[in-house]
Amino acid sequence: MATSSIMLVDDEVPFVETMAKRLDKRGLKIIAAHSGDEALTLLDREGSVDVIILDVKMPGRDGIETLREIKKRHPLKEVIMLTGHATVETAIEGMKLGAFDYLMKPCDIDTLITKVKEAVRKKHSHDEKIEKARIDKLILNRGYD
Amino acid sequence: MTNGKQKNYYQSLSRNMIVSVITVSFAPMLLVIFILLHQFSTAYHEKTYAHLTELVQKHKQQIDTFLNEKLANIRFLAITRTYETLNDNDFLEKKLFYLREDYGNVFVDLGIVDGKGDQVAYAGPHGLANVNYAGADWFKNAWDSDTYISDVFLGFRGTPHFIITVKHKDDERPFLIRATIDFMAFNSLVQNLRIGKTGYAFILNRDGKFQTQPTAGITIEPSEYMFFWEEVEKAHNNILITRLADDTDMDNLYAVGSLKNGDWLLIVKQQSADAFSDLKRMRIISLIIFLFGGAAIVFMAIYISQRMVRRIRRADIAKEGMNQQIIETGKMASIGELAAGIAHEINNPVAIMVEEAGWIGDLLEEEDLAGSANLKEFKRALAQINTQGKRCKEITHKLLSFARKTDSTTKDVQINDLVVEIVNLSRQMAKYNKVVIETDLQKDLPYIMISPSEMQQVLLNLINNALDAMEKTGGVIRISTKVSEIKPGHIVIVVEDTGPGIPEANLPRIFDPFFTTKPVGKGTGLGLSICYGIINKMGGKIDVQSAVEKGARFRIWVPFQQQ
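Residues numbered from 1 in each chain as written. Chains lettered and ligands numbered in written order. Predicted model: local features only at pLDDT ≥ 70, side-chain atom pairs only at ≥ 80, totals over all residues. Heavy atoms only, no water.

A.B. asks: So, the overall build of chain A: which residues are in play, and what are the values?
C.D. replies: Each helix and strand counted, chain A has five helices and five strands in total. Helices and strands in chain A line up, N terminus first, as β-α-β-α-β-α-β-α-β-α. By the burial criterion, 47% of the 145 residues in chain A qualify as buried. Expressed as a percentage of contacts within chain A between residues at least 6 apart in sequence, the contacts between residues at least 24 apart total 60%. (Helix = DSSP H or I, 4+ residues; strand = E, 2+ residues; numbered from the N terminus. Buried < 20%, exposed > 50% of the residue type's maximum accessible area, 1.4 Å probe, protein only. Contact = heavy atoms within 4.5 Å.)

Listed below in structure tokens is the structure:
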């Protein structure tokens, strides 16, 4: 759990910076990105990201687009949508696309932490299941050797 | 003030319409009446004058013929008989008898007068034989001319009569044959001439004396008519038609013609009023028509214009109401957009501010600051920033729900179920405020096609407002539903409370966004405008009736599909 890292994507630079600091202080490793494209590039490079906190409304590639792309390239990564109220519907729309949950701005840090932890747990349990399946498969294969 | 101005406007509109209608109607009517009257009057005058002219002419001829005929009778005697034959009473008697037989009692007597004026022979009822006429006025004139017709005079017998004479030019002893013409017979020629009610005729001689018996009861000073002599000679056809006022100021119409080679005047006199009575009647009828028509026109002009102005006024009011509604709707729409924009734009900075405050809070947890004397104050300030941030969040949240409805999917809803649900939800809170919620729901209401969550929001807003209003005093909230009697095809939901009411000045603004009377921090002023927007979108209407200390009464009409 200590190794899990979080990616924070929002076009509001001060928000990302402060949030990063606060989350960092709570023991989470934060990778910041300020646009959808930047997030995708970073994700491709950085394998250790477990959860992505993704703002819905961004200039350029918006949250939904980015989410779709992330799910395509990294289907196992959990995404929490971050939204102003105006875009709650879009956030819910995002959940249909496979996002873990959504949060409303301004968000309570504790709520955020809880949600992130849940998402990380889910991600890890998925990872473990996959790992187990692989091992089982490996053992099974070995058995036939 | 505006009201007064408007009233003025409608009054002047009405006045203008009345004036133009009256002018347009009266002008042709007056023109027609005056032209026709004038034409008629001219024609009538001409007709009357022509009639009089003809009348006088006819009678002039008649009288002249009468006189000439009588003269001819006597002349025949003079030509065919000698003095010897005529100078015989028996013969004269016989002649007189024949004449009377032929011409009625026109001839009164016959006489033979010699050059000295002695009546040598006489036949007649008056026994005037041997009378001497040498002193009589007529004798000289008669002797000087071949034939002579005298004026009317009294003579020896003392009754009005006139005589005709023919001079026999016997070489040795010329003589006159004299015949007396019965005055009454002659008089009847003229006296029977009656026109209208007041028209009568008379004859004057050159001395201004009556030659006929003037009609009884009418006094005439013959001398007044003396100037007719000159006028008649100048007049066309020797007949003069003129109008004169007599001494009683009565306007009279005179038709005058000369008789007996200009010795006499035949005058027909009629009161103008009588002669032109038809004209006068016509004028009166016209006046009556004009008055009644005019009254009718004025009445109709006033009635119609006032009706039209009333209608225009009603249309104006309706239009104004519609304009108001359009403005209201437009205002709501633009405020909705604005609100959404503001909410979104404010959310991010607020989020950052709250985060920064949180970050400072995090930093304060660090030990090296724990000893600071102001730590408690820092924490309080941060908590305050957090609280206010949440308030901002709440406002933006409400703004957004004002701008766009959260769940706007519509379905068939039984409004009573919705009301019961909301009332149950609010009851606990109401109890806390010492408020009782009563319901009066009409059963079997038709279903309405609305979004239930929106309707719930509306009802909740209204109930919350009522609860807030009665926070200190407590009271009753009454919610009733029924099929509207005022607006067919609508269900009406009434939410009324027994609270302090709304001041009249606030009533027009109550649905305006951000209008609130609640203390700062308590209300956003969006509740009722959200209700307004929602109800408007449903195609319904919401209004409020209230007065200070009378409570408030909100009515919501929602249309239902009629089966």
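A.B. asks: Explain the environment of A:Leu40 residue by residue, including any values.
C.D. replies: Residue and element names in this part refer to chain A. Tracing the backbone through its elements, the reader meets Leu40 in helix α2 (residues 36–45). The class for Leu40 is buried, based on a relative accessible area of 3%. As a C-alpha pair, Leu40 and Thr66 span 26 residues in sequence and 7.5 Å in three-dimensional space. Discounting residues that sit within four places of it in the chain, Leu40 has contacts with Arg61, Thr66, Glu69, Ile70 and Arg73.

A.B. asks: With reference to specific residues and values, describe a nonpolar patch on the surface.
C.D. replies: A grouping of B:Phe299, B:Met300, B:Tyr303, B:Ile304 and B:Met308 is seen on the molecular surface, where their side chains present a nonpolar patch of about 480 Å² in accessible area. With respect to the element layout, B:Ile304 can be found in helix α8 (residues 277–364). (Patch = residues over 30% accessible without salt bridge, like charges linked within 9 Å, V, L, I, M, F, W, Y side chains within 5 Å. Areas by Shrake-Rupley, 256 points an atom, 1.4 Å probe, with all protein chains shown as cover. Salt bridge = Lys/Arg side-chain N within 4 Å of Asp/Glu carboxyl O.)

A.B. asks: Lay out helix α11 (residues 452–469) of chain B with the relevant residues and their values.
C.D. replies: In this model, α11(B) (18 residues) spans 26 Å end to end at C-alpha, consistent with the 26 Å of a helix rising 1.5 Å per residue. For α11(B), the full list of buried residues reads B:Pro452, B:Glu454, B:Met455, B:Val458, B:Leu459, B:Asn461, B:Leu462, B:Ile463, B:Ala466 and B:Leu467. (Expected span 1.5 Å × (residues − 1).)

A.B. asks: Which residues make up the pattern of salt bridges, and what values do they have?
C.D. replies: As enumerated under the stated definition, the model contains 22 salt bridges over all chains in all. With a shortest N-O distance of 3.4 Å, A:Arg68 and A:Glu65 are connected by a salt bridge. Remark: A:Glu65 and A:Arg68 occur in helix α3 (residues 63–73); sequence separation between them is three residues, near one turn of the helix. With a relative accessible area of 42%, A:Arg68 lands in the partly exposed category. Here B:Glu438 makes a salt bridge to B:Arg478, at a shortest N to O gap of 3.0 Å. In this pair, B:Glu438 sits in strand β11 (residues 435–441) while B:Arg478 sits in strand β13 (residues 475–483), placing the two residues 40 residues apart along the sequence. B:Arg478 sits in the partly exposed class, given a relative accessible area of 34%. Overlapping salt bridges, with partners in common, bring together A:Arg22, A:Arg26, B:Glu355 and B:Asp362 in one network.

A.B. asks: Give me the pairing of strand β5 (residues 175–181) of chain B: which residues, what numbers.
C.D. replies: Residues and elements named next belong to chain B. Along β5, seven of the seven residues are buried, which leaves the element largely enclosed by surrounding structure. Taking every second residue as pointing to the same face, both faces of β5 are buried, with Phe175, Ile177, Ala179 and Ile181 on one and Leu176, Arg178 and Thr180 on the other. In the sheet, strand β1 (residues 107–114) pairs with β5 via seven bridges, with the strands oriented antiparallel. Following the sheet pairing, Asp109 is matched in β5 by Thr180. (Pairing = 2+ DSSP bridges.)

A.B. asks: A description of the sheet that holds strand β3 (residues 147–149) of chain B should follow, citing residues and the corresponding values.
C.D. replies: Residue and element names in this part refer to chain B. Strand order in this open sheet of five strands is β2-β1-β5-β4-β3, and the pairing throughout is antiparallel. Edge positions in the sheet fall to β2 (119–123) and β3, since each has one partner strand and no second. Each strand axis lies, on average, 15° off the axis of its neighbour in the sheet, ignoring direction. When strand β4 (residues 162–168) meets β5, the two strands line up antiparallel, connected through seven bridges. Within the sheet, the bridge partner assigned to Phe162 lies in β5 and is Ile181. Against the sheet, helix α4 (residues 137–144) engages β1, β3, β4 and β5, with an angle of about 125° to β5. (Axes fitted to C-alpha atoms, helices over the stretch in contact; angles between N-to-C directions.)

A.B. asks: Pulling in residues and values, what's your account of the sheet that holds strand β4 (residues 78–83) of chain A?
C.D. replies: Residues and elements named next belong to chain A. On the basis of which strands lie adjacent, the open sheet formed by five strands has the order β2-β1-β3-β4-β5 and parallel pairing. Where the open sheet ends on each side, the last strands, each with one partner, are β2 (29–33) and β5 (101–104). Each adjacent strand pair in this sheet contributes to an overall mean axis angle of 25°, direction not counted. As paired elements, strand β1 (residues 5–9) and β2 share five bridges and run parallel to each other. Note on β2: the bridge partner recorded for Met7 is Ile31.

A.B. asks: Quick one: what's the story with the layout of surface pockets, residue by residue and with numbers?
C.D. replies: Residues and elements named next belong to chain B. Size it by volume and the second largest pocket reaches roughly 690 Å³. If you go around the second largest pocket, you meet 30 residues; those closest to its centre are Tyr148, Ile149, Ser150, Asp151 and Lys260. For the lining of the second largest pocket, the elements supplying multiple residues, two or more each, are α1 (2–80), α4 and β3. Split by residue class, the lining of the second largest pocket holds twelve nonpolar, eight polar and ten charged. (1 Å grid on protein atoms, 1.4 Å probe; cavity = no way out; pocket = protein on both sides within 12 Å on 5 of 7 lines; lining within 4 Å. Points joined across faces, edges and corners; volume = space filled by probe spheres on them. Nonpolar A, V, L, I, M, F, W, Y, C, P; charged D, E, K, R; others polar.)

A.B. asks: Would you mind going over α4(B) in detail, with residue names and values included?
C.D. replies: Residues and elements named next belong to chain B. Here α4 has its buried residues at Trp138, Phe139, Ala142 and Trp143. Summarising the axial view, the buried residues of α4 lie within an arc of 130°, below the 170-degree limit, and thus occupy one face. Opposite its buried face, α4 presents the exposed residues Asp137, Lys140 and Asp144, each directed more than 90 degrees away. (Arc of directions from axis to C-beta.)

A.B. asks: Go over the packing of aromatic side chains, please, and point to the residues and values.
C.D. replies: Residues and elements named next belong to chain B. Taken as a whole, this structure holds 13 aromatic pairs over all chains when the rule is applied. With centroids separated by 5.3 Å and ring planes inclined at 45°, the aromatic side chains of Phe511 and Tyr532 adopt a geometry described as tilted. With Phe511 in the loop between β14 (490–497) and α12 (527–537) and Tyr532 in helix α12, this residue pair connects regions lying 21 residues apart in the sequence. Taking relative accessible area as the criterion, Phe511 reaches 10% and is therefore assigned buried. Of the residues examined, Tyr532 reaches a relative accessible area of 12% and is grouped as buried. One aromatic cluster is present, built from ring pairs that chain together Tyr133, Trp138, Phe139 and Trp143. (Phe/Tyr/Trp six-rings, centres within 6.5 Å; stacked < 30°, edge-to-face > 60°.)

A.B. asks: So what's going on with the pairing of strand β6 (residues 200–205) of chain B? Which residues, and what values?
C.D. replies: Residue and element names in this part refer to chain B. The element β6 is extensively covered by neighbouring structure, given that six of its six residues are classed as buried. The side-chain alternation of β6 yields two buried faces, one formed by Tyr200, Phe202 and Leu204 and the other by Ala201, Ile203 and Asn205. One ladder, built from six bridges, connects β6 with strand β9 (residues 264–271); its direction is antiparallel. Following the sheet pairing, Tyr200 is matched in β9 by Lys269.

A.B. asks: Which residues make up the nonpolar core, and what are the values?
C.D. replies: Residue and element names in this part refer to chain B. In this structure, Ile63, Ile74, Ile164, Phe186 and Val268 are the most contacted members of the largest nonpolar core, which totals 51 residues. Considering each element in turn, this core owes the most residues, eleven residues, to α1. Sequence-distant contacts of Ile164, that is, excluding residues within four places in its chain, are made with Lys70, Leu71, Ile74, Phe107, Tyr148, Ile149, Ile177, Arg178, Ala179 and Ile181. Among the nonpolar cores identified, the runner-up in size contains 47 residues, and Ala339, Val423, Leu462 and Met470 belong to it. (Core = buried A, V, L, I, M, F, W, Y, C linked by side-chain atoms within 4.5 Å.)

In short, geometric facts, not functional conclusions.
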